[in-house]
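What follows is the residue order along each chain.
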Amino acid sequence: YMREFNLLRDYPKPKETRKVNKNLRNIQSRITASYRDREFYDGNRNNGYGGFKYDGRWKIIVKQICKEYNLNNKSSFLQIGCEKGFLLHDLKFFLPKAEVRGIEKSLYAIKNSMETVKNYINNSDYTKLEFPDNKFDFILAIGVIYSLTLEDAIKCLKEIQRAGKGNSFITLASYKNEKDYWLFKDWTILGSLILRENEWKEILKHCKYTGDYHFTNAEKLNLTRS
């Protein structure tokens, strides 16, 4: 049943403190990022990733996923918000016969996704998954839920429960005090649902969510005010 668990603990951490101020990522940056096109992925850092290229950093996380959730070549896997398919590519490398699927909002990301997994990625609605009940052995949604409205986050969580077999992992944006809140708010480009941990837990219970979850916040992102 529902467990707080850090699947991303071995993901490369930022080497330097990330400086945050209201002039670096302003409303214009967020408007630009909201289109999720070239500028968000491969444009100016203040508008998104500042260059989104494969570097193999997800390999260690894929190994962790396979070990933690007992995935094998007979397993089925879905990533919601798979972007250019980097993690899907690594999973397909480790489990070449596994059923791998990804959904992504960005047409630019899909167009520029890795050739090895491009055929497994669809442009689809995160709140209405086009898959039958209990389809997937594992569902992954990193940085997705908190980019939605509360209404859509609830719909997405319920869909994860419906389309999966109970094994899933999601990340949620949280804060402990007003300082934490504004640090995260001024840093995030697309994060719109930043809640206290106990509020998120209430939402997860409401959705009858049974998978794993991890809270991301200003401290874990190494954010500081400049």
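These lines cover the structure that appears in this document, whether it is placed above or below.

## Focus: the packing of helix α3 (residues 59-68) against helix α4 (residues 86-94)
Consideration 1: In the contact formed by α3 and α4, the axes pass within 9 Å of each other and the chain directions differ by 55 degrees. Between α3 and α4, the angle is such that the two are oblique. Read as a crossing pair, α3 and α4 show a hand that is right-handed. Only Leu-87, Asp-90, Leu-91 and Phe-94 of α4 make contact with α3, whose side of the interface consists of Lys-59, Val-62, Lys-63 and Cys-66.
Consideration 2: Residues of the contact of α3 with α4, tallied by class, amount to five nonpolar, no polar and three charged.

## Topic: the pattern of salt bridges
Consideration 1: Applying the stated criterion across every chain yields a total of 13 salt bridges.
Consideration 2: A salt bridge links Arg-38 to Glu-39, with the nearest nitrogen and oxygen atoms 3.2 Å apart.
Consideration 3: The class of Arg-38 is partly exposed, set by a relative accessible area of 43%.
Consideration 4: According to the relative accessible area criterion, Glu-39 is partly exposed, its value standing at 22%.
Consideration 5: Of the charged contacts in the structure, one is a salt bridge between Asp-42 and Lys-84, with a shortest N-O distance of 2.9 Å. Here the residue Asp-42 occupies a position in helix α2 (residues 38-42), and Lys-84 occupies one in the loop between β3 (76-80) and α4, the gap between them amounting to 42 residues.

## Quick look at the sheet that holds strand β1 (residues 3-4)
Consideration 1: On the basis of which strands lie adjacent, the open sheet formed by seven strands has the order β1-β8-β7-β6-β3-β4-β5 and parallel pairing. The sheet is open, and its two borders are formed by β1 and β5 (121-122), each paired with just one other strand.
Consideration 2: Pairing of strand β7 (residues 168-173) with strand β8 (residues 212-216) involves five bridges; the strand directions are parallel. Paired with Phe-169 across the strands is Asp-212, a residue of β8.

## Details of the pairing of β8
Consideration 1: Across the five residues that make up β8, a large majority, five, are buried.
Consideration 2: Judged by which residues are buried, β8 turns out to be covered on both faces: Asp-212, His-214 and Thr-216 on one side and Tyr-213 and Phe-215 on the other are all buried.
Consideration 3: Examined bridge by bridge, β1 and β8 share two bridges and lie parallel to one another. The residue of β8 that forms the bridge with Arg-3 is Asp-212.

Parameters at a glance
- Here the residue numbering is sequential within each chain, running from 1 through the sequence in written order.
- For a predicted model such as this one, the threshold for reporting local features is a pLDDT of at least 70, and the threshold for listing and counting side-chain atom pairs is 80 or more; totals across whole chains, interfaces and linings nevertheless cover every residue.
- Calculation of side-chain values draws on the structure's entire complement of heavy atoms; hydrogens and water are dropped beforehand.
- Axis geometry follows a simple rule: fit a line to the C-alpha atoms, using only the stretch in contact for helices, then measure angles between N-to-C directions, giving values from 0 to 180 degrees.
- Starting at the N terminus, helices and strands are each numbered in turn, a helix being any DSSP run of H or I of at least four residues and a strand any DSSP run of E of at least two.
- When an angle is under 35 degrees it counts as roughly parallel; over 145 it counts as roughly antiparallel; between 65 and 115 it counts as roughly perpendicular; any other value is oblique.
- In this scheme the handedness of a crossing depends on how the near helix is turned from the far one: anticlockwise by less than a right angle means left-handed, clockwise means right-handed.
- Contact criterion: two residues are considered in contact whenever any of their non-hydrogen atoms come within 4.5 Å of each other.
- Each residue is assigned to one class: nonpolar for Ala, Val, Leu, Ile, Met, Phe, Trp, Tyr, Cys and Pro, charged for Asp, Glu, Lys and Arg, and polar for all the others, Gly among them.
- A pair is scored as a salt bridge if a Lys or Arg side-chain nitrogen falls within 4 Å of a carboxyl oxygen belonging to Asp or Glu.
- Any residue under 20% of the maximum accessible area for its type is buried, any over 50% is exposed, and the rest in between are partly exposed; the area is computed with a 1.4 Å probe on protein chains only.
- Any two strands with at least two DSSP bridges between them are considered paired.

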